[in-house]
Amino acid sequence: MVHDDDFDPFIAEIARELRAPVSIDARFDERVMAALEPAVIPITVHRSARPWYRRTFNFSVSQVAGLAAAAALVGVVTMKAAKPGAEEAATVAVQQDSAPALQPVADVTRDPSALELQQFLLIAPNATSVSLVGDFSDWDASRFKMERVSDDGAWSITVPLPPGRYEYQFEVDGKLRITDPTRPQTSSDFGSANSVITVEHRD
Amino acid sequence: MAISQGLPLQSDNDDAEIVARVVAGDTAAYAILVGRYRAQFTRYAVRMLGNREDAEEALQDAFLRAYRSLAKCDDPVRFGSWLFRILANRCRTAGTRRGRRERTFVRDDVALLDASEEHPEDQTAWREEIQRALLMLEEDQREAFLLKHVEELGYEEIAELTGVGVSALKMRVKRACERLRALLQEVQR
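Anyway, here's the lowdown on the structure attached to this text. (Residues numbered from 1 in each chain as written. Chains lettered and ligands numbered in written order. Predicted model: local features only at pLDDT ≥ 70, side-chain atom pairs only at ≥ 80, totals over all residues. Heavy atoms only, no water.)

**Points about the interface of chain A and chain B**
Taken together, the contact between chain A and chain B spans 39 residues of the former and 55 residues of the latter. Regarding the contact of chain A and chain B, the summed buried area is about 4300 Å², with carbon and sulfur atoms giving 64% of it. Remark: the boundary between chain A and chain B carries 12 residue pairs in polar contact (both at pLDDT 80 or more). Elements that contribute at least two residues to the side of chain A that touches chain B include exactly α1 (9-18), α2 (28-36) and β9 (176-178) of chain A. (Contact = heavy atoms within 4.5 Å. Buried area = accessible area lost by both parts, 1.4 Å probe. Polar contact = N/O pair within 3.5 Å; in protein donor to acceptor, adjacent residues only side chain to side chain. Helix = DSSP H or I, 4+ residues; strand = E, 2+ residues; numbered from the N terminus.)

Have a look at this one:
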């Protein structure tokens, strides 16, 4: 049996030496905090600002169909997209004052087989570029460049996706990939996880 | 859980409040948590990895990963324990990476680690030898030794942090002590 309460002066001396404080770069905290700047902030706390909610999103359905060949999306807002191949443009307005905030005012359902339009939002005030990457785009950051849609750093993209489960991240400034804390994540290996979204058909 | 005299891993309602602020969008509040846990977690990382550069990298990585996963922190009053588990994983990863590139222990690193202003020459040399011997331990033994004897955690706490059973931990600590004694008593002679 191993006893843990045996006092050993030699080991105690070693431990005492190892308990001596160690120095660290004086700018360590600053570096950590600077790295947090392009962070994902749950958008729910910014609903009062939500200037981008007033936007009218114009989707050219022919463009949507082209995107859809490679993409599928998940996100904060799901809207019904027009059936792929249709040639008319659909306009979806997102109302500011209805609750919850991120609800489409006008549903443009045209066909039960339609793709779902999934909006992704990220608050990254100090980012210069943000891309959406995921298994729906082979994790290629060049496919879905997000658009800055508000002065307070909201980035948005809306992507048509077939119903299904998708994993994704945001790529900030072309180097930092971060998950979305507002969504479930894969794995328990902290930091290596992807955000997960399930797109379902909406009636 | 008993309150530790080493790593500040006890439940902390103040931590929970700060975590809530950060999750609610007050990113700047995270600096409070960084400042609160930096010093002792740095010491652990430095002792585990043997040099400040790797330790700072592991610690920064841990803080960033914790931040990005903050919404997954189910028990924010135990933020310190949660953060430490992330750090311990980062140290293991860094140790594995270092092992792969066969990095050798740089003698000067140890001298750089000491925050105290003045050390007699022989004490500095002794501390270097201790750190050198520590790095010769198996990684799991080094981790257990540091948590038990340097950070002064109880075995139950260590078990909770590492997911390793108490009996196995005691054995690791025992072997670590034996190995350190053999290595360092040789030096003393």
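Moving on from the coordinates now.
**Observations regarding the side chain of T27 of chain B**
Structurally, the position occupied by T27 of chain B is in the loop between α1 (13-23) and α2 (30-49). At a separation of 3.4 Å, a polar atom in the side chain of T27 of chain B contacts the side chain of Y67 of chain B.

**Quick look at unusual backbone geometry**
Even without glycine at this site, D138 of chain A takes up a positive phi of about 55°. With respect to the element layout, D138 of chain A can be found in the loop between β5 (130-134) and β6 (147-148). Given a relative accessible area of 63%, D138 of chain A falls into the exposed group. Located in the positive-phi region is E152 of chain B, a residue other than glycine, with phi close to 60°. Mapped onto the elements of the fold, E152 of chain B is located in the loop between α7 (139-150) and α8 (155-162). (Buried < 20%, exposed > 50% of the residue type's maximum accessible area, 1.4 Å probe, protein only.)

**Side note on helix α3 (residues 52-68) of chain B**
Residue and element names in this part refer to chain B. For α3, which comprises 17 residues, the first-to-last C-alpha distance of 24 Å matches the rise-based estimate of 24 Å (1.5 Å per residue) to within 8%. Counting buried residues in α3 gives 12 out of 17 residues, a clear majority hidden from the surface. Buried residues of α3: D54, A55, E56, A58, L59, Q60, A62, F63, L64, R65, A66 and Y67, and no others. Structurally, the start of α3 carries an N-cap: the backbone nitrogen of E53 is 3.2 Å from a side-chain oxygen of N51. (Expected span 1.5 Å × (residues − 1).)

**Some details on the pattern of salt bridges**
Under the counting rule described, the total for this entry stands at 21 salt bridges over all chains. Between D8 of chain A and R181 of chain B there is a salt bridge, with its nearest N and O atoms 2.1 Å apart. You can see D8 of chain A sitting in the segment before α1 and its partner R181 of chain B sitting in helix α9 (residues 166-188), one on each of two chains. The exposure class assigned to R181 of chain B is partly exposed, which follows from its relative accessible area of 23%. The partner of E178 of chain B in a salt bridge is K174 of chain B, and the shortest N-O contact between them spans 2.8 Å. Of this pair, E178 of chain B and K174 of chain B both sit in helix α9, separated by four residues, roughly a single helical turn. Residue K174 of chain B is classed as partly exposed on the basis of its relative accessible area of 36%. (Salt bridge = Lys/Arg side-chain N within 4 Å of Asp/Glu carboxyl O.)

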